Amino acid sequence: MPSVTRLSAQQVTAMISSRAPKWTQVGAAEKISRNFQFRNFNEAFGFMTRVALYAEKADHHPNWFNVYNEVDVELWTHDAGGVTEKDFSLAEKMDKIAASMEH
Ligand code: H2B
């Protein structure tokens, strides 16, 4: 049994509006996604490193794809088969880390 409950598509829509407006719902709210762009690979990898440290502590990990200065992220809770509160906590953390790296 997953320890957290999957959110409904309606709940995901509401949570995106209130907490993570830069994120997009994928499919029938199976995932949320965001594209991050940085100045160069060094900054993108720095972002990934900071997120990785947080993800390990939270025991909740992003699915992501990096090419040079871009990081494409998809978040869902594998155990729950959909999006949960944990994904929104991680999305907010990623937004904060990225924002702190802007000039
Ligand atoms: N990350 C994500 N995104 N979803 C999960 O279900 C998940 C995870 N499960 N990180 C955790 C690790 C689980 O596999 C370990 C054993 O706690």
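For the structure itself, consult the block above.
All of these numbers come straight from a predicted model, not from anything done at the bench.

Trainee: Please explain the sheet that holds strand 2 (residues 31–37) as it appears in this structure.
Mentor: Two modes of strand pairing occur in sheets, parallel and antiparallel, and in both the strands are linked by backbone hydrogen bonds. Overall, antiparallel pairing links the four strands, which are arranged 1-2-4-3 in an open sheet. Looking at the sheet topology across the chains shown, the edges are occupied by strand 1 (24–26) and strand 3 (63–67). With direction set aside, neighbouring strand axes in the sheet form an average angle of 25°. By the bridge criterion, three bridges tie strand 1 to strand 2 in an arrangement that is antiparallel. Bridge pairing in strand 2 places Gln-25 opposite Ile-32. Along the sheet, helix 1 (residues 9–19) contacts strand 1 and strand 2; its crossing angle with strand 1, the most-contacted strand, is approximately 160°. The strands that helix 2 (residues 41–58) touches are strand 2, strand 3 and strand 4 (70–75); relative to strand 3, the one it contacts most, it runs at about 160°.

Trainee: Can you help me understand a nonpolar patch on the surface in this one?
Mentor: Among the surface-exposed residues, Phe-41, Phe-45, Phe-65, Val-67 and Tyr-68 lie close enough to one another that they form a single nonpolar patch of about 540 Å² accessible area. Breaking the nonpolar patch down by element, the ones donating at least two residues are helix 2 and strand 3.

Trainee: Hey, could you run me through the site of the ligand in this one?
Mentor: As a structural note, the neighbourhood of the ligand is formed by Asp-59, His-60, His-61, Trp-76, Thr-77, His-78 and Asp-79. A distance of 2.5 Å separates an oxygen atom of the ligand from a polar side-chain atom of Asp-59. Between the ligand and His-61, the relevant distance is 2.8 Å, taken from a nitrogen atom to a side-chain nitrogen or oxygen of the residue. Protein chains bury 65% of the 400 Å² of accessible surface belonging to the ligand in isolation. A class-by-class count of the residues in the shell around the ligand yields one nonpolar, four polar and two charged.

Trainee: How do you make sense of helix 1 when you look at a structure like this?
Mentor: Residues three or four positions apart in an α-helix share a direction because the helix packs 3.6 residues into each turn. Considered for burial, the residues of helix 1 that qualify are Val-12, Met-15 and Ile-16. The arc that holds every buried residue of helix 1, seen down its axis, measures 105°, which confines them to one face. Seen from the buried face of helix 1, the exposed residues on the opposite side, beyond 90 degrees, are Gln-10, Ser-17 and Ser-18. Elements in contact with the buried residues of helix 1: strand 1, strand 2 and helix 3 (85–100).

Cut-off values and rules
Each chain carries its own residue numbering, running from 1 in the written order of its sequence. It should be noted that, the model being predicted, local features are given only for residues of pLDDT at least 70 and side-chain atom pairs only at 80 or more, the latter also being counted only at that level, while totals for whole chains, interfaces and linings use all residues. The side-chain numbers reported here are obtained from all heavy atoms of the structure, hydrogens and water having been left aside. Strands qualify as paired when DSSP identifies two bridges or more between them. Counting from the N terminus, the helices are DSSP H or I runs at least four residues long and the strands are E runs at least two residues long. To get an axis, a line is fitted to the C-alpha atoms, and for a helix only the part in contact is used. The angle between two axes follows their N-to-C directions and goes from 0 to 180 degrees. In this description, contact between two residues means that some pair of their heavy atoms is separated by no more than 4.5 Å. A residue counts toward a patch only above 30% relative accessible area and without a salt bridge, and it is joined to like-charged neighbours within 9 Å or, for Val, Leu, Ile, Met, Phe, Trp and Tyr, to nonpolar neighbours within 5 Å. Under the convention used here, a 1.4 Å probe and the Shrake-Rupley method define accessible areas, while residue burial counts only the protein chains that appear. By definition here, a salt bridge exists when the distance from a side-chain nitrogen of Lys or Arg to a carboxyl oxygen of Asp or Glu is within 4 Å. Only a single heavy atom is needed: when it lies within 4 Å of a molecule or strand, its residue is near that molecule or strand. Whenever a nitrogen or oxygen atom comes within 3.5 Å of another N or O atom, the pair is scored as a polar contact, on the condition that within protein one atom can donate a hydrogen and the other can accept it, and that pairs from neighbouring residues in sequence are kept only if both atoms are in side chains. Polar here means any residue other than Ala, Val, Leu, Ile, Met, Phe, Trp, Tyr, Cys and Pro, which are nonpolar, and Asp, Glu, Lys and Arg, which are charged; Gly is therefore polar. Three labels apply to residues, based on accessible area from a 1.4 Å probe with only protein chains included: buried if under 20% of the type maximum, exposed if over 50%, partly exposed otherwise in between. Working note: the arc is built from the helix axis to C-beta atom directions.

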